[in-house]
Amino acid sequence: MSDPRFYRLDLVNLGDLFHPDVPFSEWCKKCQSADESGFGNNRLQDFAPDLTPLEHLERICGTLLYINLSGAGLLWLTIALICFCCGWHGTAMTFTNYIFLPMGIWLLIYCFYDRAKDSRYGIHHKNQHKYLHMKYVWPVELHPPRPSKGPLIFCIVPRGVLPLGIDYAMFDKLGAGRCNFAAPSILFKLPLVGHYLQRSGVVPANAKNIRAALARNENVGVVLDGIGGLFQATEGRQEVAYLLKRKGIVKIALEAGASLVPVYGFGHSELWTTVIDPFRLLERLSLALDMPLVPFFGLGGWPLGPTNRVPLAMVFGQPLECPQKADPSQGEIDCYHTFLLDSFKETFDKHKVLCQAGDLALRLIGTQCVCVARCMSFPLSLQCAKAQHAHSQEAHRRLESEVSVASVPRQKVRISRQRLLESAVKVMNLYSSGNALLEIEYVGEVGTGSGPTLEFYAQVAEHLRSSSPALFRQNVPAGMLFPAPWDPNWLRSADDQVAQQILERFRLLGQIVAKCIIDNRLVDIQLHPAVWRSVLGLAPLSQESLRAVDPELYSSLVNIRDMDSSKVAELCLDFTLPGYPKIELKPGGAGITVT
């Protein structure tokens, strides 16, 4: 097998190794590894191991205790009080016992059988591993020894009723240091719960505590979809994540120079069955109180009861490194937020087949902001484009009305429509690096300002998309733009007129994009996310990148890799780039047969 790209660990296999003094290298001996193609038929979700009666009892009582202390107990006590006032003393005693009996049983089990000095390695965590057959999958970028590149922020989705897939010890090991998990502030005001959370190293979910932890170079774990995600139930074969508004954590990451790690939990949406009221009243109340208020059913239809036994798989994406910015702009925040959303989708799509969810799709919802990065990264529908254009025009009207106050420098340039590309090259070479707001006028036409300027950018972008020689690959999914391949030696020499033209137009594209960002112009240049990652040096291009850009070529390579050597020879392939016979993959590759 080639170098491992992914690692998998079934936590139930740790046994006595689940101890704070055992190094992660010992845990890794229990890992499975896989190359870029994944784990094949080794499914991440399968039948959970058998539990002893004591382990089963501990998990039922422990989960009930967790649910009751998180707020459900207040409901049962209220019902018990109403029953007592109505004279139904037996019913009142039943509801009271329902709260305190599981607590008493769990405390007895905990006191007699738990020997862990660190609560993150307690008996309840070990039993949770078996009850939910918890598995963790991570890429080689998180595997030790991971180079020190600042603290990590683990962004976890989905929340579910309770995020039971989070194993504190496992996050500590992967992050090579104690991870501070953020929980709703109101939980720290509850009796017993607040004390337990503080003892476990959990901090209130606010920017102050998260920044303080990152300043100590400690990792942070955040359930990113929060309470809002609790009310986003799975729709058919589609999981819903409430992420489009979650930009605050990106700003914090940029300020601290931390890396964002997307983490998706497969199975959380099946642990309980939630009931969402059609008017979303409970959702609004929960967001206002910062406390989850949602009815749900657990094991066997148990109201506010213990969880179903559903195998959980926590899969980690590649760390998204954020440059340290003392005061990041909104454009930078939007840009890296877009990268984070892309990483979540890639992580989800990569591992959903392994989790027996091949036809499952991930949909991201929330109030979406208009920004240059998103316009350039995703194809725009006609309605979205109109909305963004209206937003842009309004922004420019405000800007123009404030010129006398803000003294924004402007540079007006007159160009000819008949020589658009040549004029664009000259204009960008002269003015793209300046801070003055660039405005375009057309020769022989009346009008200046944002209208002709946006038209200029749109026309140049269209010329670059459709000009000859073709700059971009054909048939890229969703019509996105990804550079067409050229012979690098020929291109570097720039002796040929065509090579010079290609380099000049790509340089123009970069100048156009940069000037649009500086001037806050919205232009529909649908660059593929892989282009942005490559330009910013966020991640190397991989086989997954190939699948995102050219699914047919990726599928062909996968089929060839699985063929017998004799069948490969019968294909009469040579070492040239498929579809581009003039580009050799090695010296003399056109004359070398692939065997």
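Residues numbered from 1 in each chain as written. Predicted model: local features only at pLDDT ≥ 70, side-chain atom pairs only at ≥ 80, totals over all residues. Heavy atoms only, no water.

Chemist: In this structure, what is going on with the nonpolar core? I would like to understand it.
Modeler: For soluble globular proteins, the rule of thumb is that nonpolar side chains tend to be buried together. Membership of the largest hydrophobic core comes to 68 residues, with the highest contact counts inside it found for Ile153, Leu260, Phe456, Val460, Leu508 and Ile525. Among the nonpolar cores identified, the runner-up in size contains 54 residues, and Leu11, Ile156, Leu164 and Val261 belong to it. (Core = buried A, V, L, I, M, F, W, Y, C linked by side-chain atoms within 4.5 Å. Buried < 20%, exposed > 50% of the residue type's maximum accessible area, 1.4 Å probe, protein only.)

Chemist: Is there a simple way to think about unusual backbone geometry in this case?
Modeler: A negative phi angle is the norm for most residues apart from glycine, just as the trans form is the norm for most peptide bonds. In this chain, Ser468 is followed by Pro469 through a cis amide linkage whose omega measures 0°. Its place among the elements puts Pro469 in the loop between helix 16 (450-466) and helix 17 (488-493). Look at Ala176: it is not a glycine, yet its phi comes out positive at around 55°. Here Ala176 lies in the loop between helix 5 (168-174) and strand 5 (179-183). Note on Ala176: relative accessible area 68%, which makes it exposed. With a phi angle near 50°, Leu304 is a residue other than glycine that sits in the positive phi range. (Helix = DSSP H or I, 4+ residues; strand = E, 2+ residues; numbered from the N terminus.)

Chemist: I keep staring at the confidence of the model for the protein chain and nothing clicks. Help me out?
Modeler: Any region with low pLDDT has predicted coordinates that should not be read closely. The pLDDT averaged across the protein chain works out to 80; a share of 83% of its residues lies at or above 70. Within the protein chain, the element-level pLDDT minimum falls on helix 12 (residues 372-377), averaging 33, and the maximum on helix 9 (residues 248-256), averaging 92. Segment residues 367-407: pLDDT under 50, and 67 contacts once partners within four positions in sequence are set aside and those in other chains are kept. (pLDDT = per-residue confidence, 0-100. Contact = heavy atoms within 4.5 Å.)

Chemist: Just to check I follow, could you spell out the packing of helix 15 (residues 420-431) against helix 16 for this structure?
Modeler: The packing of two helices is summarised by the inter-axis angle and the distance between the axes. Closest axis-to-axis distance for the helix 15/helix 16 pair is 10 Å, and the angle between their directions is 115°. Considering the angle they form, helix 15 stands roughly perpendicular to helix 16. In this structure, helix 15 crosses over helix 16, and the sense of that crossing is left-handed. Here Leu420, Leu421, Ala424 and Met428 of helix 15 come into contact with helix 16, specifically with Phe456, Tyr457, Gln459, Val460, His463 and Leu464. Across the contact of helix 15 with helix 16, the residue classes tally to eight nonpolar, two polar and no charged. (Axes fitted to C-alpha atoms, helices over the stretch in contact; angles between N-to-C directions. Parallel < 35°, antiparallel > 145°, perpendicular 65-115°, else oblique. Left-handed = near helix turned anticlockwise from the far one by under 90°. Nonpolar A, V, L, I, M, F, W, Y, C, P; charged D, E, K, R; others polar.)

Chemist: Just checking my understanding: could you explain the environment of Asp3 for this structure?
Modeler: On the secondary structure map, Asp3 appears in the segment before strand 1 (6-10). On the accessibility criterion, Asp3 (65% relative accessible area) is exposed.

Chemist: Sorry, what's going on with the state of the cysteines here?
Modeler: Covalent bonding between the sulfur atoms of two cysteines defines a disulfide. Inspection of the entire model under this criterion finds zero disulfides. Of all cysteine sulfurs, the one in Cys155 lies closest to Cys322, which takes part in no disulfide; the gap is 8.9 Å. (Disulfide = S-S within 2.5 Å.)

Chemist: Explanation requested: the packing of helix 2 (residues 53-85) against helix 4 (residues 123-131) in the structure shown.
Modeler: Helix 4 packs onto helix 2 with a crossing angle of 105° between their chain directions and a minimal axis gap of 10 Å. In terms of orientation, helix 2 lies roughly perpendicular with respect to helix 4. Between helix 2 and helix 4, the contacting residues are Glu55, His56, Glu58 and Arg59 on the first element and His124, Asn127, Gln128, Lys130 and Tyr131 on the second.

Chemist: Explanation requested: a nonpolar patch on the surface in the structure shown.
Modeler: A cluster of nonpolar side chains, namely Leu54, Leu57, Leu108, Phe112 and Tyr113, defines an oily patch on the protein surface of about 510 Å² accessible area. For the nonpolar patch, the elements supplying multiple residues, two or more each, are helix 2 and helix 3 (89-113). Per element, the largest residue contribution to the nonpolar patch is three residues, and it comes from helix 3. Mapping Leu54 onto the fold places it in helix 2. Residue classification places Leu54 among the partly exposed positions, given a relative accessible area of 37%. (Patch = residues over 30% accessible without salt bridge, like charges linked within 9 Å, V, L, I, M, F, W, Y side chains within 5 Å. Areas by Shrake-Rupley, 256 points an atom, 1.4 Å probe, with all protein chains shown as cover. Salt bridge = Lys/Arg side-chain N within 4 Å of Asp/Glu carboxyl O.)

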